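# Observations on the model geometry
One letter stands for each residue in the lines below.
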Amino acid sequence: MDPISTGLLEALAGGVGGELGRQMWARLGVLVRRPFQRDKDGGQLPATPPGEAELAQLEERPTDPMRAQALGAALAMRAAADVDFDARLQQWLTQATAVVHSVDGATRNEISGGTFHGPVLQGRDFSEASFTTRTQPAPPPAAPGGAGSGQGD
């Protein structure tokens, strides 16, 4: 079992990813709370599945790295003891990582006020972008009295 990033756990517990992030966090909760009857050696698992308390504690304070680390450790211990849980956790981890990375790389563009005299490029991950248009200088301010006022003609 690869260790789960505390940053990933904090991000999902804190609501990163909008609805997809909330769904991934809820799926982790379902996975953690899923009762398992026996460990890989056939022994009885505890009544409270490992990780449940740590999950609840991180939900209370999602920005606490110590709580995220405790949850990550509990998940790793449980994955080491239960092959089925490990497989399901790996599947969850792959999907959760994709959700968080898609959000971390999200681009939010906003233009507020101002006058632009050239191209405005909004987006993400541009490569080999090239513009051949020239930027036009801003027009000079209009003279008092305006053109055709009859003064100085």
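Residues numbered from 1 in each chain as written. Predicted model: local features only at pLDDT ≥ 70, side-chain atom pairs only at ≥ 80, totals over all residues. Heavy atoms only, no water.

## Structural notes on the overall build of the chain
- The number of helices and strands found in the chain is 5 helices and 0 strands.
- Listed N to C, the secondary structure of the chain is α-α-α-α-α in terms of helices and strands.
- Expressed as a percentage of contacts within the chain between residues at least 6 apart in sequence, the contacts between residues at least 24 apart total 58%. (Helix = DSSP H or I, 4+ residues; strand = E, 2+ residues; numbered from the N terminus. Contact = heavy atoms within 4.5 Å.)

## Overview of the nonpolar core
- Of all hydrophobic cores here, the largest spans 24 residues; its most connected members are Leu9, Trp25, Leu28, Leu89 and Trp92.
- Elements with a minimum of two residues in this core: α1 (6-13), α2 (18-33), α3 (52-60), α4 (65-81) and α5 (83-104).
- Not counting residues up to four positions away in its chain, the partners in contact with tryptophan 25 are Leu9, Leu12, Ala13, Leu55, Leu58, Glu59 and Leu71. (Core = buried A, V, L, I, M, F, W, Y, C linked by side-chain atoms within 4.5 Å. Buried < 20%, exposed > 50% of the residue type's maximum accessible area, 1.4 Å probe, protein only.)

## Focus on the pattern of salt bridges
- Enumeration according to the criterion identifies 7 salt bridges in this entry.
- The shortest N-O distance in the salt bridge between glutamate 59 and arginine 33 comes to 4.0 Å. Taken as a pair, glutamate 59 in helix α3 and arginine 33 in helix α2 lie far apart in primary sequence, 26 residues in all. (Salt bridge = Lys/Arg side-chain N within 4 Å of Asp/Glu carboxyl O.)

## Examining the packing of α2 against α3
- Running from N to C, α2 and α3 point in directions that differ by 155°, and their axes come no closer than 9 Å. If you check the angle between α2 and α3, you find them roughly antiparallel. With respect to the hand of their crossing, α2 and α3 are arranged in left-handed fashion. Contact with α2, carried on its side by Trp25, Leu28, Gly29, Val32 and Arg33, involves Glu52, Leu55, Leu58 and Glu59 of α3 and no other residues of that element.
- For the contact of α2 with α3, the residue count by class is 5 nonpolar, 1 polar and 3 charged. (Axes fitted to C-alpha atoms, helices over the stretch in contact; angles between N-to-C directions. Parallel < 35°, antiparallel > 145°, perpendicular 65-115°, else oblique. Left-handed = near helix turned anticlockwise from the far one by under 90°. Nonpolar A, V, L, I, M, F, W, Y, C, P; charged D, E, K, R; others polar.)

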